[in-house]
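Listed below, chain by chain, are the residues.
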Amino acid sequence: MAEFLPLTGEEMRQRGWHYCDFVVVTGDAYVDHPSFGCAIISRLLESMGFKVGVLSQPDFTTPESFREFGRPRYAFLIGSGNVDSMVAHYSVAKVRRKVDEYSPGGLPGRRPDRAATVYSRLAKQAYPQVPVVLGGLEASLRRFAHYDYWADQVMPSILTDSGADLLSFGMGEHQTREIAKRLAAGEKIETMRQIPGTCWMANSSFELPEGYVECAGFQKVSQDKAAYARACRIQMDNQDPLIGRPVVQKQPDGRYLVQNRPSRPLYRKELDEVYALPFTRTYHPSYRAQGGVPAIEEVGFSIIQNRGCFGGCNFCAITLHQGRQVTSRSAQSILAEAKAITQSEGFKGYIHDVGGPTANFRLPSCAEQMKKGMCTDRKCLAPTPCPRLLVDHREYVEILRHMRSLPGVKKVFIRSGIRYDYLMMDQDETFFKELVRHHISGQLKVAPEHCAPATLRYMGKPNVEVFERFVKRFYQLTEAEGKKQYLVPYLMSSHPGSTLKDAVQLAEWLYNHHMRPEQVQDFYPTPGTVSTCMFYTGLDPYTMQPVYVAKTPEEKAMQRALLQYFEPRNREKVRKALVLTGRTDLLPKLLGMEARVQPKEGRREEKARPQAQKKRRSGAPAMPHAGKNKTKRPAQNQQKRSFKNSGKV
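Definitions and cut-offs
- Residues numbered from 1 in each chain as written.
- Predicted model: local features only at pLDDT ≥ 70, side-chain atom pairs only at ≥ 80, totals over all residues.
- Heavy atoms only, no water.
- Helix = DSSP H or I, 4+ residues; strand = E, 2+ residues; numbered from the N terminus.
- Buried < 20%, exposed > 50% of the residue type's maximum accessible area, 1.4 Å probe, protein only.
- Core = buried A, V, L, I, M, F, W, Y, C linked by side-chain atoms within 4.5 Å.
- Contact = heavy atoms within 4.5 Å.
- Pairing = 2+ DSSP bridges.
- Axes fitted to C-alpha atoms, helices over the stretch in contact; angles between N-to-C directions.
- Parallel < 35°, antiparallel > 145°, perpendicular 65-115°, else oblique.
- Left-handed = near helix turned anticlockwise from the far one by under 90°.

S.K.: Even after reading the chapter, I still don't get unusual backbone geometry, so can you show me in this structure?
M.R.: What you tend to see is this: most non-glycine residues have negative phi, and most peptide bonds are trans. Of note, the amide linkage connecting Ala382 to Pro383 takes the cis form, showing an omega dihedral of 0°. You can see Pro383 is positioned in the loop between α14 (367-372) and α15 (394-404). In this model, Arg281 sits at a positive phi of 70°, which is unusual for a non-glycine residue. Among the secondary structure elements, Arg281 is positioned in the loop between α10 (268-275) and β13 (282-283). By relative accessible area, Arg281 is classed as buried at 15%.

Here it is in structure tokens:
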């Protein structure tokens, strides 16, 4: 049976070690499961023969906590955890969260704000001569000068603020191997300047690499929003490992951030090797007395089968982290993990998910992208699918069939995001039919996000008519199977481009389609995304045309309330939104109210009346409430659902 890596100096000494080669620092609790970046990086280093200690949620008030294992022989590898620490701590309304799913017992306060920066500084204070390599999601998204929603200002690259020696962006396995080998061979960290997937600081323009492209520096982008938008476009256009060029950006201290071209994704064999590492698949036993770590409940009996997403939603951070190239594990690797799960303590016959960032992507988007890289001037699926797009679910279907037949397996569910527009392109429909027949646990979550054409365009999503066709076919197949299964739509309010009229249009669309969403969320401007660029600048970085942005708390509250117009608590906000947009004709539908004009006073008065109970149309049952009505997705969802369980140190 696999053994946990040392979590304390005492556990290190119990192994007979007097030092660690590498100390991997994480803002999460230590969960030795391949859904956690810290676990993958630490097990990868272990497989290379290195002694690795895991410093989990250290005391962030003193550098003494970074001396737990003594002086690392080679380096500290630092990440804030699977989720950006600010997203982990604060709701979109900037209210402190009461639960941290990645901490023991779900208790908040175990990591600092901007954890990656704080940890790097403390490591440098503890051992100034020890190299610090920064990585993980928080570092990936903050590697350039970026708009910080919580401070409401543009901040420099995290390399400038943290004092780290090197930044590893993306999933990190290639970079970690290269850095570890070269440090062990005696090479100095400051000479490592050409490693793909890393960023470093050049002291002068004479050090910049050949073929680089420069985007506007910190001083310019912090004062000029048009410059910020153009810089965003340059950064996004150079995230492909085949065609991406080094990107440089001058920072406030006069040095230049250099982003090397991205590291290539792992080949299938390499990905299989990562998931074959000896994970214990659970949290460290020291957390049992505190109630365990809630995050394991979602992934404990789940399998990640792919990485990357060519969907390219603008609000999703995956382009800057996992990338748009899709790679997937072999059937043998996935089934081996499924067999191991059936032997796990507490397994009751249900595999909760076989997915990833997008569950039904297993192939590259097209043959051309493997030779020429991903297109920079268009998306693969939106607003309409590219004619070169490869659509094939056959391998995925075979894997699911084999998994269903494994001894001890009762059901295999798919709970990761299904890209319904990609599914609808598959003329065979075998996967769609088997999805409905075997792999839905009562409800299937899908993400139309909105219905207004302009808003969907700014989101990078397909037209809503595609979703409507999917809904119709889903219920036809469900009815043919004699099942009662439902769709749960994910919807987003106040995304850049969404006006109050667009939000009213969405409410009317929901009413007409008998949908009552239980989960909605305001747009959350996480660092580094195209949508966050639009939120801050009011410009589309691809066209440089103005984009409407709802920023006042009042309008954002109205847009959100419209998505759940049926809730009594939202009644006044919905009424006000309808009056402001001149859509009082919707009062009878959305609020069961009748508008009467009083000419003398020139105003309208609403009179309540019972809302008509329309007969449901065949093939499109109403969306049900599932237990208590929830008004938001799980914490950190805009990051987590986009590249589920994917943060790497």
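S.K.: For this particular structure, what's the right way to read the nonpolar core?
M.R.: As a rule of thumb, nonpolar side chains are buried together in soluble globular proteins. The biggest cluster of nonpolar side chains holds 194 residues, and the ones touching the most others in it are Phe76, Met403 and Phe470. Excluding residues that lie within four positions of it along the chain, Phe470 makes contacts with Tyr420, Leu423, Met424, Phe432, Leu444, Val446 and Leu487.

S.K.: Explain helix α17 (residues 430-438) to me, please; I cannot follow it from the model alone.
M.R.: Within an α-helix, residues lying three or four positions from one another point in the same direction, as the helix has 3.6 residues per turn. When α17 is considered as a whole, its buried residues turn out to be Phe431, Phe432, Glu434, Leu435 and Val436. Elements that come into contact with the buried residues of α17 comprise α15, α16 (420-424), β20 (443-449) and α19 (464-480).

S.K.: So what exactly am I meant to see when it comes to the sheet that holds strand β9 (residues 198-202) here?
M.R.: Backbone-to-backbone hydrogen bonds pair the strands of a sheet. The strands run either parallel or antiparallel. Taking strand neighbours across the sheet as the criterion, the nine strands line up as β3-β1-β4-β5-β8-β9-β12-β11-β10 in an open arrangement whose pairing is mixed. Because the sheet does not close on itself, it has two edges, and the strands there are β3 (52-56) and β10 (213-214).

S.K.: Would you mind going over the packing of α15 against α17 with me for this structure?
M.R.: The description of two helices packed together rests on the angle between their axes and the distance between the axes. At a minimum axis distance of 10 Å, the contact between α15 and α17 shows a crossing angle of 30°. With respect to each other, α15 and α17 are oriented roughly parallel. Crossing geometry of α15 relative to α17 is assigned as left-handed. Residues Tyr396, Val397, Leu400, Arg401 and Arg404 of α15 form the contact with α17, whose participating residues are Thr430, Phe431, Glu434 and His438.

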